[in-house]
Amino acid sequence: MGEKIKKKIKTIKVDLDKCNGCRACEVICSAFHANPKYSSNNPARSRVRLIRDPIMDKYVPVYAGEYTAAECMGRDKYIIDGKEYDECEFCRAVCPSRDRFKEPDSGLPLKCDMCEGEDQPLCVKWCLAEALTVEEREEEVDEEAKMEDIEAGLASMIDKYGMDKIADTVARMSKKG
Ligand code: SF4
Ligand code: SF4
């Protein structure tokens, strides 16, 4: 068994009754992750996307989750208050079936990193409607298992995008500091 380490888990709670569809969360997320930081904003680069139905006054922020090399065969479809939403509309995965949560220029996957380095996620800070709140807790995890997760993730990215593209991206990210 590997050594246990403490890991902070952050949870963003979304109160749909409070979300008014202003998209401030998308704007600040894409600006924070621009290179250089805050140099531009483009919601297509945001790690949170708003699924909107202005006529029904329904707005659902969906956060970018894990990259997956293969799209799933089973799909889901939601009907909310009588409106049927597109297939996979609320799914967080970065998958080959669609462009959502992919860097528009390179096609590389985007993932919510909880605004690493900031005292709190910026989408939470910028949500004036208080639809987003963050909770934090500590959990013990196996260090070895964590490394295995990283290796599995990297292997699937290399498989999909090729070693050169991944190496370029890592070099670009480390320059951002
Ligand atoms: S900033 Fe808040 S109210 Fe505005 S779209 Fe995002 S979650 Fe909804
Ligand atoms: S927590 Fe940060 S990275 Fe994640 S969606 Fe919100 S602003 Fe973007």
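This section reports on the structure supplied with the text.

Conventions we followed
- Residues numbered from 1 in each chain as written.
- Chains lettered and ligands numbered in written order.
- Predicted model: local features only at pLDDT ≥ 70, side-chain atom pairs only at ≥ 80, totals over all residues.
- Heavy atoms only, no water.
- Helix = DSSP H or I, 4+ residues; strand = E, 2+ residues; numbered from the N terminus.
- Buried < 20%, exposed > 50% of the residue type's maximum accessible area, 1.4 Å probe, protein only.
- Contact = heavy atoms within 4.5 Å.
- Areas by Shrake-Rupley, 256 points an atom, 1.4 Å probe, with all protein chains shown as cover.
- 1 Å grid on protein atoms, 1.4 Å probe; cavity = no way out; pocket = protein on both sides within 12 Å on 5 of 7 lines; lining within 4 Å.
- Points joined across faces, edges and corners; volume = space filled by probe spheres on them.
- Nonpolar A, V, L, I, M, F, W, Y, C, P; charged D, E, K, R; others polar.
- Near = heavy atom within 4 Å.
- Sits in = over half its atoms within 2 Å of the grid points.
- Phe/Tyr/Trp six-rings, centres within 6.5 Å; stacked < 30°, edge-to-face > 60°.
- Lys NZ or Arg CZ within 6 Å of the ring centre and 35° of its normal.

1. Observations concerning the overall build of the chain
For the chain, the helix and strand inventory stands at four helices and six strands. Per-residue burial for the chain yields a buried fraction of 32% across its 177 residues. Put simply, of all contacts in the chain between residues at least 6 apart along the chain, 64% involve residues at least 24 apart. Total accessible area on the chain is roughly 11,400 Å²; 50% of this is exposed by carbon and sulfur atoms.

2. Some points on empty space enclosed by the protein
Summed over the entire model, instances satisfying the criterion amount to two cavities of 30 Å³ or more. Considered as a void within the structure, the second largest cavity measures approximately 70 Å³ in volume. Taken together, Ile12, Cys29, His33, Arg47, Val48, Tyr63, Cys112, Asp113, Met114, Cys115, Pro121 and Cys123 make up the lining of the second largest cavity. When grouped by side-chain class, the residues that make up the lining of the second largest cavity number nine nonpolar, one polar and two charged.

3. Digging into the site of ligand 2
Every residue near ligand 2 is listed here: Ile12, Cys29, His33, Arg47, Val48, Tyr63, Cys112, Asp113, Met114, Cys115, Pro121 and Cys123. Of the pockets mapped on this structure, ligand 2 occupies the second largest cavity.

4. A short note on the packing of aromatic side chains
For the coordinates displayed, the defined rule picks out three aromatic pairs. Pairing Tyr78 with Phe90 gives two aromatic rings, centres 5.3 Å apart and planes at 85°, and the pair type is edge-to-face. Here the residue Tyr78 occupies a position in the loop between β3 (58–63) and β4 (79–80), and Phe90 occupies one in the loop between β5 (83–84) and α2 (122–126), the gap between them amounting to 12 residues. Under the relative-accessibility criterion, Tyr78 is labelled partly exposed at 41%. You can call Phe90 buried: its relative accessible area is 19%. Ring geometry for Tyr85 versus Phe90: centroids 5.3 Å apart, planes at 55°, classification tilted. Members of the aromatic cluster, connected to one another through ring pairs, are Tyr78, Tyr85 and Phe90. Lying over the aromatic face of Tyr85, Lys83 brings its terminal NZ or CZ to 5.0 Å of the ring centre.

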